[in-house]
Each structure stands twice: as C-alpha cells, then as structure tokens.
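Summary of structural features
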Amino acid sequence: MEISRATSQDAAELTEIALAAKRHWGYPERWMELWRKDLTITPQLADEGEVWVAEEGGTKLGFYALSPSGRELEHLWVRPERLGEGVGRVLFLHALSRAAELGAETVLIESDPNAEGFYVRMGAAKIGERVSELDGRERVLPLLAARTRLTERPESGKPRPQQG
C-alpha cells in the first residue's frame, strides 16, 4: 500500500469513497443528501489541501484530509469493502505524522459515532461531544484528540499517546 498526495483528478473518486463509507453505516438517504456537500472533495482541495490517498495496485483504498494547520482531521474514509484490513490504521498514522510535520502537537477529530471506537483504539482520547439535530433526531458526535507523536505499547503493539 502506498500513500501519496491527492491531485485534482482524484477528487470525484475520493468523494465517491467518502459517500460509500458514510452510506455503509446505514444512514437514511435523505441524510446522505444533506451531507453530500460536506463529503465532497473538490478538485481545488485535492490539489492544494493536505489530502493524501492510500492506493494499492492502482486502486484507491481510502484517503484523509487535514486542515491546513494540521490540527484537525477533516476526513478519513476507507472503501467499505476494505474495512478491517488496516487501511484506516495506515492512513491515520500517516495523518498524525503529517500533522507533526506541519507543527501540530495534537489533532482534533469530530468523529462519526460509528468511527469513535477506531480512533480510541488508535490512541485518541475523547474530549467532548457535539450535539446537533437532524430531521428532529438528536445526533451526538464524539470529539476526540490524538497526539501527533505515538509510541508502541509493547504488550499489544497498539499505539498510545507519547508521554511528555
């Protein structure tokens, strides 16, 4: 698996990956339409932003996007058929490394509730919640923070925030 910077030519395919990944969780199609703009990767963002793509054998497996400062993870999406294969882990660790290169010590994540467990397993800590309403239903989004410098936990091989 290779990770490389996205280009404007990747924008449409990355948008489809984001939509497919979000749709995987069974959200109503009406919600998907409401989220379409937020899930769209524009050619300009792909070309000029901190957007990175995981690819294997010519197939795009997933991607992430950081804010320009590296302090916020704006997107991290994996093709649903590739979930559980380590693609998200590789992308997340690359995102933390890239954020550190940009000078960020911590990356903030507003997570989909279905992805919270992944981020916690990756060493992020829950720091709060954002409550909103969608179609008259309360929606609670976990807010997490991950340190950009990780060390390995010998007993499990799982990342943990580096101390001090």
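Residues numbered from 1 in each chain as written. Predicted model: local features only at pLDDT ≥ 70, side-chain atom pairs only at ≥ 80, totals over all residues. Heavy atoms only, no water.

A closer look at the environment of Val51
For Val51, the position within the fold is in strand β2 (residues 50-56). Its relative accessible area of 0% is what places Val51 among the buried residues. With 27 residues separating them in the primary sequence, Val51 and His24 have C-alpha atoms 22 Å apart. Discounting chain neighbours no more than four positions away, the residues touching Val51 are Ser4, Arg5, Ala6, Leu14, Leu45, Ala46, Phe63, Tyr64 and Ala65. (Helix = DSSP H or I, 4+ residues; strand = E, 2+ residues; numbered from the N terminus. Buried < 20%, exposed > 50% of the residue type's maximum accessible area, 1.4 Å probe, protein only. Contact = heavy atoms within 4.5 Å.)

Overview of the pattern of salt bridges
Applying the stated criterion across every chain, the model contains 16 salt bridges. Ionic pairing is found between Glu33 and Arg36, a salt bridge with its closest N-O pair at 3.3 Å. Within this pair, Glu33 and its partner Arg36 are both found in helix α2 (residues 29-39), separated by three residues, close to a single helical turn. The shortest N-O distance in the salt bridge between Arg98 and Glu101 comes to 2.8 Å. Placement of both Arg98 and Glu101 in helix α4 (residues 87-101) is noted, with a separation of three residues, approximately one turn of the helix. (Salt bridge = Lys/Arg side-chain N within 4 Å of Asp/Glu carboxyl O.)

Keep in mind that these numbers describe shape and distance, not what the molecule does.
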